[in-house]
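# Working through the structure, step by step
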Amino acid sequence: MATRFRWVIIGLLFFITVVNYIDRSAISYAIGDIAQVLHLNDSQIGMILGAFGIGYMITTFFGGIWVDHVGARWALFFASLLWSLSIGLTGVAASFAIIYAMRILLGVAEGPNFPAVNRAVGDWLSPRERAIALSNSLVAVPLALAIGAPIVTSLILAVTWRWMFIILGIVGLIWVPVWFFLFRDFPEHSRHVNDEELRHIRASESVDRTRPAKEMRFRQAHHVSSGTLWKYLLVNRTLMANNWSFFVFGYYLFFFMTWLPSYLKSEYHLNLKSVGAFSILPWALATVLLWLVGYLSDGILRRTGSLRLARSYPIWISQLLSALCVLPLTFTHDLTTAIVFITLAVGFGMSANSTFYAMNVDLMRERTGTALGVMDTFFAAAGFLAPVITGWIVNATGSFKSAFWLMAVLAATSVLAVLIFHQPDKQRRIEADLTSSRTLPH
């Protein structure tokens, strides 16, 4: 009987992603208390909320290259160690500058996380299980934000925001040794994977348990020259449409992750405990929809063989629905109506998350860490711009209406980009033709 240790690996990735997102979102619930202590205005609050994206943008790009070089095991070991320390140190910060620096450091540390997740999924899962595996890993994002809201707000009320950050840092440090001792870069090198499971993972690929991990990584990547790789990544229309759409996805995510508590407090005068309670619903719906769409995507791929139907359609449909749900927020003044449309906007917006990641594995199996690093750089830019631009808008207008209109316009550009340029099946046929004629390295 085949073992199923690959799903234990997915469980480890799921857990650390929960920790990852609770850590990065916790400040949105503490920022009110921090602002009172440090006398911050909305623009300064936006700068702190956006500081994470500065560090994240740097290391998610180079982190993808690093992950392909050293493997997911060491990358996540060092990254999770550093971000746990940085989130803990936020609790002892005593000035705007130090908190700002700790947020940048947190972004630097968390940058390699998702390239490492994609790398691990690409190396540990068969092609027909990747979107499912990614959905089971990435569902940790909205779940973390759903459970994180009451956890973080309860901790702040019970032990103050400083101890809340320290406790979160300790939780991350507990995971580090577990990951290091259980995970290996390839299932061939794990004593927990038997031959039956390995044959399932590799399918038609060759299997060699004796080959060193570093040699296996470079054996996978050596066919692609550096110049060819970067030209492919930066001019490929499907990947660039995917990247732009992921930027818009990130803009929505970071807006709601960083500004939703402040929006509910300022527009509807909710206290911190109520904000934590109302923040559960949007992320809970996103958790369910993200998980379902991952299974739906792989199911469509199995039945049709079409990446366009399985990957592209969930992306543009989800972003169109999310934009349509944002627009009512520009004129409603009713809390119930606002919560309903916020919940739908967040749920639809996050539902196709796994298909963005799967697309990089589908088209760039041999260099998926690098490809994911490029895509995540767009996401990191959104992580900086969404909080900062929103802070400027709110500070200048005293309202969130213009911020919501901007989000709707961004989603429209994303939908058009995917409909016109996102052609993964055509791209794979072109690559197959070029490979067979030896025009392009494979």
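Residues numbered from 1 in each chain as written. Predicted model: local features only at pLDDT ≥ 70, side-chain atom pairs only at ≥ 80, totals over all residues. Heavy atoms only, no water.

### A closer look at the side chain of Arg-103
The condition that has to hold: The helix count covers DSSP runs of H or I at least four residues long, the strand count covers runs of E at least two residues long, and both are numbered beginning at the N terminus. With a 1.4 Å probe rolled over the protein chains alone, any residue whose accessible area is under 20% of its type maximum counts as buried; one over 50% counts as exposed, and the rest are partly exposed. Charge assignment: positive for Lys and Arg, negative for Asp and Glu; neither His nor the chain ends contribute. By convention in these notes, a salt bridge is any Lys or Arg side-chain nitrogen within 4 Å of a carboxyl oxygen on Asp or Glu. Contacts are assigned to residue pairs that have any heavy atoms within 4.5 Å of one another.
Mapped onto the elements of the fold, Arg-103 is located in helix H5 (residues 96-110). In this structure, Arg-103 is buried with no salt-bridge partner, the nearest side chain bearing the opposite charge being Glu-110 at 7.2 Å. Those residues in contact with Arg-103, other than ones at most four positions away along the chain, are Asp-23, Arg-24, Ile-27, Ile-48, Ala-51 and Phe-52.

### Some remarks on the pattern of salt bridges
Using the criterion set out here, one finds 9 salt bridges in the structure. For Arg-119, the salt bridge identified is with Asp-68, shortest N-O distance 2.6 Å. Of the two residues, Arg-119 sits in helix H6 (residues 113-124) while Asp-68 sits in helix H3 (residues 42-70), which places them 51 residues apart along the sequence. Of the two residues examined, Arg-119 and Asp-68, each falls in the buried class. In this structure, the salt-bridge partner of Asp-123 is Arg-119, at a minimum N-O distance of 2.8 Å. Pair noted here: Asp-123 and Arg-119 are both in helix H6, with a separation of 4 residues, about one helical turn.

### Details of the domain arrangement of the protein
This is how the line gets drawn: Where each domain begins and ends is defined by an automated method or by a domain database. Side-chain atoms alone can form a polar contact between residues adjacent in sequence; in general such a contact is a pair of N or O atoms within 3.5 Å, and within protein one must be able to donate a hydrogen while the other accepts it. We call Asp, Glu, Lys and Arg charged. Ala, Val, Leu, Ile, Met, Phe, Trp, Tyr, Cys and Pro are nonpolar, and the rest, Gly among them, are polar.
In terms of domain boundaries, the protein breaks down into domain 1 (1-196) and domain 2 (226-428). Of note, the centres of domain 1 and domain 2, computed from C-alpha atoms alone, are 19 Å apart. On the side of domain 2, 57 residues touch domain 1, which itself brings 51 residues to the contact. Counting across the domain 1 and domain 2 interface gives 0 salt bridges. On the surface where domain 1 and domain 2 come into contact, there are 4 residue pairs in polar contact (both at pLDDT 80 or more). Residue assignment for the side of domain 1 that touches domain 2 shows that the elements contributing at least two residues are helix H1 (5-25), helix H2 (27-38), H3, H6, helix H7 (130-138) and helix H8 (140-182). In terms of residue count, the dominant contributor to the side of domain 1 that touches domain 2 is H3 (17 residues). Residue composition of the side of domain 1 that touches domain 2, grouped by class: 28 nonpolar, 15 polar and 8 charged.

### A word on the packing of H3 against helix H4 (residues 72-90)
Applied cut-off: Interaxial angles span 0 to 180 degrees and are taken between N-to-C directions of axes, which are lines fitted to C-alpha atoms, for helices over the stretch in contact. For classification purposes, angles smaller than 35 degrees are called roughly parallel, those larger than 145 roughly antiparallel, those between 65 and 115 roughly perpendicular, and all remaining angles oblique.
Running from amino to carboxyl end, H3 crosses H4 at an angle of 130°, the nearest separation of the two axes being 7 Å. When the axes of H3 and H4 are compared, the pair comes out oblique. Contact residues: H3 offers Trp-66, Val-67 and Val-70, while H4 offers Ala-72, Trp-74, Ala-75 and Phe-78. Of the residues assigned to the contact of H3 with H4, the class counts are 7 nonpolar, no polar and no charged.

### Some thoughts on H6
In plain terms, the rule: What a helix should span is 1.5 Å times the count of its residues minus one.
Its 12 residues give H6 an end-to-end C-alpha distance of 16 Å, which sits within 8% of 16 Å, the value for a rise of 1.5 Å per residue. Most of H6 sits inside the fold, with 12 of its 12 residues counted as buried.

### Notes on the packing of aromatic side chains
Two aromatic rings are characterised by how far apart their centres lie and by the angle between their planes. To keep it simple, the criterion reads: Here the aromatic set is Phe, Tyr and Trp, taking the six-membered ring for Trp, and pairing holds for ring centres within 6.5 Å; pairs whose planes are under 30 degrees apart are stacked, those over 60 apart are edge-to-face, and all others are tilted. Our definition puts a charge over a ring when NZ of Lys or CZ of Arg is within 6 Å of the ring centre and also within 35 degrees of the ring normal.
Under the defined criterion, the tally for this structure stands at 35 aromatic pairs. Considering the side-chain rings of Trp-74 and Phe-180, the 4.9 Å spacing of their centres and the 70° angle between planes classify their relative orientation as edge-to-face. Here the residue Trp-74 occupies a position in helix H4, and Phe-180 occupies one in helix H8, the gap between them amounting to 106 residues. Arranged with centres 5.8 Å apart and planes meeting at 80°, the rings of Phe-180 and Phe-181 form a pair that is edge-to-face. Using a relative accessible area of 17% as the deciding quantity, one classes Phe-180 as buried. In textbook terms, an aromatic cluster arises when at least three aromatic residues are bridged by ring pairs, as seen for Tyr-21, Phe-52, Tyr-56, Phe-114, Phe-246, Phe-249, Phe-254, Phe-356, Tyr-357 and Phe-379. Here the guanidinium or amino end of Arg-24 rests over the ring plane of Tyr-21, the centre of that ring lying 4.0 Å away. The side chain of Arg-73 reaches across the aromatic face of Phe-180, ending 3.9 Å from its centre.

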